[in-house]
Amino acid sequence: MDYRSPLARVRGLGSAKAGTSHWWMQRVTAVALIPLSYWLITFLNLSLNAPYQHTVEWLATPLNTLCIVAWVLAVFYHAALGLQVVIEDYIAAEGVKIVAVWTVNLSFLLLALAALIAVFRTLLIG
Amino acid sequence: MATNTDRPTSPHLQVYKLPLTGIISITHRMTGVMLSAGLVFFVYIVYAVAGGSNTYTAMQALMSLWLVKLIYWGFIYALFFHLCHGVRHLIWDAGKSFDRDTLNRYALIELGCSLVLTLLTLILTSE
């Protein structure tokens, strides 16, 4: 999201990078994650304690599927954005920094896809 | 890019006695990194569910070891702490609650809230 006015952009004022969008998406995902945490904790509690069929049936309920999938999308995005800030704060060498940020982004994209595939596989079984 | 190595270094954090807000701030960052790493465990659990009842039972056996349980509840507390301090960041983003009294009061409130939420989860899930 670019909040600069067209005039500011033409004059070359402000940052040329994507800081505003990064900051904004960190907040958007944070707000989304507050209610979605309820579904995470319910899912974890069932997975750790409930019989298999019970957990699968819970996950297959449309609202629960929606909220767990939404949680996965929001949390992995939120984590990657947050880790990027930490890396940028503590790693000074430009090359290492870029490689580290890309590694984090790609790893979390991969983990998010893995989690989504697992959710959909569970739905096919149950 | 040439880097000047003679530049003065940042003040060393260790020489300061951090105020409560400072301690909580760095804890927010540490819990964030920890929770991000903990997402690997979520992926493991959801794969165990997808893998069928045998892998599911094996996962439950692993997760019921007392050390794993302790780590699990550590993660739940870290999650609630990160959530509560995150809410305060949103309040800060709105430009509110920057004066010193409010800072300390809110710090205690969020520490209390994260503890209460963890205990509530513990009680509600131990049927």
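The structure displayed is predicted, hence computed values, not measured ones.

The next subject is the overall build of chain A. Looking only at helices and strands, chain A has five helices and zero strands in total. Each helix (α) and strand (β) of chain A, taken in turn from the N terminus, gives the series α-α-α-α-α. Taken against the 2.2 N^0.38 rule, which gives 14 Å for 126 residues, the C-alpha radius of gyration of chain A at 19 Å runs more than 25% over that of a compact globule. In chain A, the share of contacts with a sequence separation of at least 24, taken over all contacts with a separation of at least 6, comes to 67%.

Attention shifts here to the overall build of chain B. Each helix and strand in chain B was counted, giving four helices and zero strands. Traced from its N-terminal end to its C-terminal end, chain B shows the element sequence α-α-α-α. Seen through its principal axes, chain B has C-alpha atoms that stretch 60 × 45 × 30 Å. Within the span of chain B, comprising 127 residues, buried residues form 20% of the whole. Within chain B, counting contacts between residues at least 6 apart in sequence, those at least 24 apart form 74% of the total.

Turning to helix α3 (residues 52-60) of chain A, a few remarks are in order. The complete set of buried residues in α3(A) reads Y52(A), T55(A), V56(A) and L59(A). Each buried residue of α3(A) lies within a common arc of 95 degrees when the element is viewed along its axis, so the set occupies one face. Facing away from the buried surface of α3(A) by more than 90 degrees, the exposed residues are Q53(A) and H54(A). Against α2 (19-49), α4 (62-90) and α5 (94-125) of chain A together with α1 (20-50) and α2 (53-63) of chain B lie the buried residues of α3(A).

Inspection of the secondary structure assignment puts Q60(B) in helix α2. Distance in space between the C-alpha atoms of Q60(B) and K96(B) is 45 Å, their sequence separation being 36 residues.

Residue and element names in this part refer to chain A. Relative orientation of the contacting elements α2 and α4 amounts to 135 degrees, with a least axis distance of 7 Å. Taken as axis vectors, α2 and α4 run oblique relative to one another. Pair α2 / α4 crosses with left-handed handedness. Residues H22, M25, Q26, T29, A30, A32, L33, L36, W39, L40 and F43 of α2 touch α4, and the partners they reach there are N64, C67, I68, A70, W71, A74, V75, Y77, H78, L81 and G82.

Within the largest apolar cluster, 33 residues are counted, with the highest numbers of intra-cluster contacts made by I68(A), V72(A), F76(A), A80(A), A115(A), V46(B) and V49(B). Only α2, α3, α4 and α5 of chain A together with α1 of chain B provide two or more residues apiece to this core. A per-element tally of this core places α4(A) first, with ten residues. Setting aside anything within four residues of it in sequence, one finds A80(A) in contact with V104(A), N105(A) and F108(A). Judged by nonpolar contacts, the second largest core, of seven residues, contains I76(B), L79(B), F80(B) and C84(B).

This next bit is on the interface of chain B and chain A. In this complex, chain B contributes 26 residues to the contact, which on the side of chain A involves 28 residues. Taken together, the elements giving at least two residues each to the side of chain B that touches chain A come down to α1, α2, α3 (66-93) and α4 (100-125) of chain B. With 13 residues, α1(B) is the largest single contributor of residues to the side of chain B that touches chain A.

What follows is about the environment of L79(B). Within the fold, L79(B) resides in helix α3. C-alpha of L79(B) to C-alpha of H28(B): the two residues are 51 residues apart in sequence and 9.8 Å apart in space. Non-local contacts of L79(B), meaning those with residues more than four positions away in its chain, are made with S37(A) and L35(B).

We now examine the confidence of the model for chain B. Mean pLDDT over chain B: 91, with 95% of residues reaching 70 or higher. Model confidence for the complex is summarised by a pTM of 0.87, with the ipTM given as 0.87.

Definitions and cut-offs
Residues numbered from 1 in each chain as written. Chains lettered and ligands numbered in written order. Predicted model: local features only at pLDDT ≥ 70, side-chain atom pairs only at ≥ 80, totals over all residues. Helix = DSSP H or I, 4+ residues; strand = E, 2+ residues; numbered from the N terminus. Rg over C-alpha atoms; globule rule 2.2 N^0.38 Å. Contact = placed C-beta atoms within 7 Å. Buried ≥ 20, exposed ≤ 12 C-beta atoms within 10 Å, placed from the backbone. Arc of directions from axis to C-beta. Axes fitted to C-alpha atoms, helices over the stretch in contact; angles between N-to-C directions. Parallel < 35°, antiparallel > 145°, perpendicular 65-115°, else oblique. Left-handed = near helix turned anticlockwise from the far one by under 90°. Core = buried A, V, L, I, M, F, W, Y, C linked by C-beta atoms within 7 Å. pLDDT = per-residue confidence, 0-100.

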